[in-house]
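# Close look at the chain arrangement
So you can see what is in the structure, the chains are spelled out below.
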Amino acid sequence: MVGGEEQEEEEQPDVECAQGGRALHLEFPDGSIIDVLPDERYEAWTLAWPDGLLLVSLPGNGLALWSADPTSATQDGDQPSPTPV
């Protein structure tokens with residue numbers, strides 16, 4: 001409760017991946033839809049979570065997943081390499 005009133009929880013979109021995880025389909029509570037097809041030369045889409053998790057559609061084929069886990073960082077402070085999904 002904030003200021004004596006209950007805050008309405010924000011509805012999240014439904015997220016689906018198709019074509020082996022390469023195509024992205026987002027469906028929002030208001031009925032809006034976003035479809036993103038894969039691309040042979042570019043990263044077509046990226047999803048980021050508040051906890052630092054990152055999912056990226058790779059050019060051509062495949063997905064990469066970056067974890068927010070601090071134990072996966074290297075000693076010299078470089079960012080960890082993505083994990084193929």
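See the structure shown above.
Small disclaimer: the values here were computed from a predicted structure and weren't measured.

### Re the overall build of the chain
Counting its secondary structure elements, the chain contains zero helices and seven strands. Listing every helix and strand of the chain by position from the N terminus yields β-β-β-β-β-β-β. Each of the 85 residues in the chain was classed as buried or not, and the buried ones make up 19%. Partitioning the contacts of the chain with sequence separation of at least 6, the portion at a separation of at least 24 is 8%. Accessible area for the chain stands at about 6600 Å²; split by element, carbon and sulfur atoms hold 49% of it.

### Points about the environment of Glu43
In this fold, Glu43 is placed in the loop between strand 3 (33-36) and strand 4 (46-48). Placed 15 residues apart in sequence, Glu43 and Leu58 show a C-alpha to C-alpha distance of 5.0 Å. The contact partners of Glu43, leaving out residues within four places of it in the chain, are Val56, Ser57 and Pro59.

### Examining the pairing of strand 5 (residues 54-57)
Pairing between strand 4 and strand 5: three bridges, direction antiparallel. The residue bridging Ala48 from the neighbouring strand is Leu54, located in strand 5. Taking the residues that link successive antiparallel strands as the turn, the strand 4-strand 5 hairpin has five residues, and the phi of Gly52 there is positive, at about 100°. Taken together, the four bridges between strand 5 and strand 6 (residues 63-66) define a ladder with antiparallel strand orientation. Bridged to Val56 within strand 6 is Ala64.

### Quick word on the pairing of strand 2 (residues 23-27)
A large share of strand 2 lies buried, amounting to four of its five residues. Bridge count for strand 2 against strand 3 is four bridges, and the pairing is antiparallel. Looking at strand 3, one finds that Glu27 is bridged to Ile33.

Quick notes on the rules
Residues numbered from 1 in each chain as written. Predicted model: local features only at pLDDT ≥ 70, side-chain atom pairs only at ≥ 80, totals over all residues. Heavy atoms only, no water. Helix = DSSP H or I, 4+ residues; strand = E, 2+ residues; numbered from the N terminus. Buried < 20%, exposed > 50% of the residue type's maximum accessible area, 1.4 Å probe, protein only. Contact = heavy atoms within 4.5 Å. Areas by Shrake-Rupley, 256 points an atom, 1.4 Å probe, with all protein chains shown as cover. Pairing = 2+ DSSP bridges.

Purely spatial values, then, with no claim about function.
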